[in-house]
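Coordinate inspection notes
Below are the chains, spelled out letter by letter.
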Amino acid sequence: MYSYFIPSEFVRSIFQITPEFLKEKGVKAVITDLDNTLVEWDRPNATPKLIEWFAAMKASGIQVTIVSNNNDLRVKSFADPLEIPFISKARKPLGKAFKQAVSKMNVNREEVVVIGDQLLTDVFGGNRQKLHTILVIPVANSDGFFTKFNRLVERRIFSYLDKKGQVTWEEEE
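Just so it is clear, the model here is predicted, and its values are computed rather than measured.

Some remarks on the environment of Arg-12
- Position of Arg-12 relative to the elements: it lies in the loop between β1 (9–11) and α1 (19–24).
- Under the relative-accessibility criterion, Arg-12 is labelled partly exposed at 34%.
- C-alpha of Arg-12 to C-alpha of Pro-138: the two residues are 126 residues apart in sequence and 8.5 Å apart in space.

Below, the structure is given as structure tokens:
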């Protein structure tokens, strides 16, 4: 059961995930979380650096779909100006939104990575769908109400995995 909470990879930031990095893995598509993965949960728009990241992915032929548990207004107002497809109210870690994103991008499961900042939603959901998962450090030190609860549970899971010698990554303080 705990194996579902172990990401395929850990990186500090979405910006470490380059088109070259993905192409080496045979990746053609990215499913990414929005809040605290791409931008702070309370930042309404993409940063200039993030806009460049999206442009680099597009120029390299790598599709990106945002899959977020947040409401339609939040995700749409972020994604539409960037012309990035999205699925809001995704109910992660349930599999429906992951399957829908893979289908919309018309790629095989082996050609997809899931990027997110939470074990309980992004990693667990992606791993259950047999997708390659990449955990990033949250971009904000604060969280919304439900995410605060998830972080408490995550700390217990990380502690358990660390005791079993299955965690090789820690956040910098």
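Description of unusual backbone geometry
- Of note, the bond from Lys-92 into Pro-93 is cis; its omega dihedral lies within 30 degrees of zero at 20°.
- With respect to the helices, strands and loops of the structure, Pro-93 is situated in the loop between β4 (86–87) and α4 (96–105).
- The backbone of Asn-36 sits at a positive phi, close to 70°, despite the residue not being glycine.
- Positive phi values are uncommon outside glycine, yet Glu-83 reaches one of about 55°.

Side note on α4
- For α4, the complete set of buried residues consists of Ala-97, Phe-98, Ala-101, Val-102 and Met-105. Seen along its axis, α4 keeps its buried residues to an arc of 135°; they face one direction. Turned more than 90 degrees away from the buried face of α4 sit Lys-96, Lys-99, Ser-103 and Lys-104, all of them exposed.
- For α4, the elements touching its buried residues are β2 (29–32), β3 (63–67), β4, β5 (112–116) and α5 (119–128).
- Once α4 finishes, Asn-106 follows within two positions and takes phi at roughly 55°, a positive value.

Considerations on the pairing of strand β6 (residues 132–136)
- Where burial is concerned, most of β6 is hidden: 4 out of the 5 residues are buried.
- Viewed along the sheet, the connection from β5 through α5 into β6 turns out right-handed.

So, the sheet that holds β1
- Spatially, 6 strands are ordered β1-β6-β5-β2-β3-β4 in an open sheet, and the strand pairing comes out parallel. Unpaired on one side and paired on the other, β1 and β4 mark the two borders of the sheet.
- Note: β2 against β3, 4 bridges, orientation parallel. Bridging across to β3, Ile-31 finds its partner in Thr-65.

Describing the nonpolar core
- Counting residues in each nonpolar core, the largest one holds 25 residues, and the members touching the most others are Leu-22, Leu-38, Leu-50, Phe-54, Ile-66, Phe-78 and Ile-115.
- Excluding its chain neighbours within four sequence positions, the residues that come into contact with Leu-38 are Ile-14, Thr-32, Asp-33, Leu-50, Trp-53, Phe-54, Ile-66 and Phe-78.
- Core analysis: the next-biggest nonpolar cluster, separate from the first, contains 14 residues, Val-67, Ala-97, Val-102 and Val-112 among them.

About the thresholds
- Here, residues in each chain are numbered from 1, in the same order as that chain's written sequence.
- The model is predicted, so local features are restricted to residues of pLDDT at least 70 and side-chain atom pairs to those at 80 or more, both for listing and for counting; the totals for chains, interfaces and linings are taken over all residues.
- Note: side-chain values were computed over all heavy atoms of the structure, leaving out hydrogens and water.
- Put simply, DSSP marks the helices as runs of H or I at least four residues long and the strands as runs of E at least two long, and each gets a number from the N terminus on.
- For each residue, the accessible area found with a 1.4 Å probe, counting protein chains only, is set against the maximum for its type, and the residue is called buried under 20%, exposed over 50%, and partly exposed in between.
- Think of it as the arc spanned by the lines of direction from the helix axis to the C-beta atoms.
- Contacts were defined at the residue level, with two residues in contact if any of their heavy atoms lie within 4.5 Å.
- Orient the strands so they point away from the viewer; a crossover is then right-handed if the path from the first strand over the helix to the second runs clockwise.
- Whether two strands pair depends on DSSP finding at least two bridges between them.
- Throughout, nonpolar core names a set of buried Ala, Val, Leu, Ile, Met, Phe, Trp, Tyr and Cys residues whose side chains join them through atoms within 4.5 Å.

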